[in-house]
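Next come the chains, spelled out residue by residue.
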Amino acid sequence: MQNSATKTVDTGLKYLINEAPLKMRITGTCMMPLIEDGATIQVSRQRIYLPGDILIKRAHNNRLIAHRLIGCYPRKGGLHYVTQADNAVNADLAVSASQVVGKLSGGDCEATAINIPVKSRIKALGQFFLLVIQRIRRKVIQRAPTGESQVSHKI
């Protein structure tokens, strides 16, 4: 959950980004080799984010992180975005649209981190599709009756 100070900071960041791309420094290796540890990136706001875009978002631990968007879904009157680091096995917890600061739009990174190839967008959609299938499967298994089989035969 975001506290009021975090919301104020994010509102300020979004205001600044609306005026011009904002520079930020990356720490971490989860998006290597596209974005190296210590790289300076530019972040811009968009009206619409597409699967494959690298979003800068406020994570549940209140840190700003840059991860790839794999999909989104409507929930409680707004969109929720699901992201995943390129070097991660699992997707992140979904965040609301209010937690998205912007998307990578320039800086010290590979060109394919900014101009996302169609292949990367399709891969992101595939990851989201697999995630949805896994969650549906879990719900079906949780609802399945337990115990012995209900099949009987007459002799």
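Throughout, residues of each chain are indexed from 1 in the direction in which the sequence is written. The predicted nature of this model means local features are confined to residues of pLDDT at least 70 and side-chain atom pairs, given and counted, to a pLDDT of 80 or more, with totals for whole chains, interfaces and linings taken over all residues. Side-chain measures were taken over the full set of non-hydrogen atoms in the model, leaving aside hydrogen atoms and water.

Judged by pairing direction, the sheet is antiparallel, and its 7 strands sit side by side in the order β1-β2-β7-β3-β4-β5-β6 without closing on themselves. The strands lining the two open edges of the sheet, one partner per strand, are β1 (22-25) and β6 (95-96). For this analysis, residues touch if any pair of their heavy atoms sits within 4.5 Å. Fitted lines through C-alpha atoms serve as axes, helices being fitted only where they are in contact, and the angles separating the N-to-C directions of these axes extend from 0 to 180 degrees. Secondary structure follows DSSP: runs of H or I at least 4 residues long count as helices, runs of E at least 2 residues long count as strands, and numbering of each begins at the N terminus. On the sheet, helix α1 (residues 4-19) packs against β1, β2 (40-44), β3 (54-58), β4 (64-75) and β7 (100-107) and is oriented at approximately 40° with respect to β7. Where helix α2 (residues 118-143) meets the sheet, its contacts fall on β4 and β5 (78-84), and the angle it forms with β4 comes to roughly 60°. The rule for pairing is simple: two strands pair if DSSP sees at least two bridges between them.

What follows covers a nonpolar patch on the surface. A cluster of nonpolar side chains, Phe129, Leu130, Val132, Ile133, Ile136 and Val140, forms an exposed patch at the surface whose accessible area comes to about 540 Å². With respect to the helices and strands, the residue Val140 is situated in helix α2. Each residue gets one of three labels from its accessible area relative to the maximum for its type: buried under 20%, exposed over 50%, partly exposed in between, using a 1.4 Å probe on protein chains only. With a relative accessible area of 54%, Val140 lands in the exposed category. Any residue with relative accessible area above 30% and no salt bridge may belong to a patch, with like charges joined within 9 Å and the nonpolar Val, Leu, Ile, Met, Phe, Trp and Tyr side chains within 5 Å. Calculation of accessible area relied on Shrake-Rupley with a 1.4 Å probe; when residues are assessed, cover is drawn exclusively from the protein chains displayed. Take a side-chain nitrogen of Lys or Arg and a carboxyl oxygen of Asp or Glu: if they are within 4 Å of each other, that pair is a salt bridge.

In this analysis, the expected span of each helix is defined as 1.5 Å times one less than the number of residues it contains. With 26 residues, α2 extends 38 Å between its outermost C-alpha atoms, agreeing within 8% with the 38 Å of an ideal straight helix rising 1.5 Å per residue. Listing the buried residues of α2 in full gives Ala124, Phe128 and Leu131. Those residues of α2 hidden inside the fold are in contact with β4 and β5.

With that settled, the discussion passes to the nonpolar core. The term nonpolar core refers to a set of buried residues drawn from Ala, Val, Leu, Ile, Met, Phe, Trp, Tyr and Cys, joined through side-chain atoms within 4.5 Å. With 19 residues, the main nonpolar core has Met24, Ile35, Ile41, Ile54, Ile56 and Leu104 as its most contacted residues. Elements with a contribution of two residues or more to this core: α1, β1, β2, β3 and β7. When residues no more than four places from it in sequence are discounted, the contact partners of Met24 are Leu13, Ala39, Thr40, Ile41, Val43, Ile56, Leu64 and Val101.

Among the 5 residues in β3, 5 count as buried, and that is most of the element. Burial along β3 is two-sided: the residues Ile54, Ile56 and Arg58 and Leu55 and Lys57 are all buried. When β3 meets β4, the two strands line up antiparallel, connected through 5 bridges. The residue of β4 that forms the bridge with Arg58 is Leu64. In the sheet, β3 pairs with β7 via 3 bridges, with the strands oriented antiparallel. By the bridge assignment for β7, Lys57 is matched with Val100.

Right, let's get into the packing of aromatic side chains. Only the six-membered ring of Trp is used, alongside the rings of Phe and Tyr, when aromatic pairs are assigned; centres must lie within 6.5 Å, and planes under 30 degrees apart are stacked while those over 60 apart are edge-to-face, with the rest tilted. By the definition in use, this model includes 1 aromatic pair. Ring geometry for Tyr49 and Tyr81: centres 6.1 Å apart, planes at 80°, overall edge-to-face. Residue Tyr49 is found in the loop between β2 and β3, and its partner Tyr81 is found in strand β5; the two are separated by 32 residues along the sequence. For the pair formed by Tyr49 and Tyr81, the shared burial category is buried.

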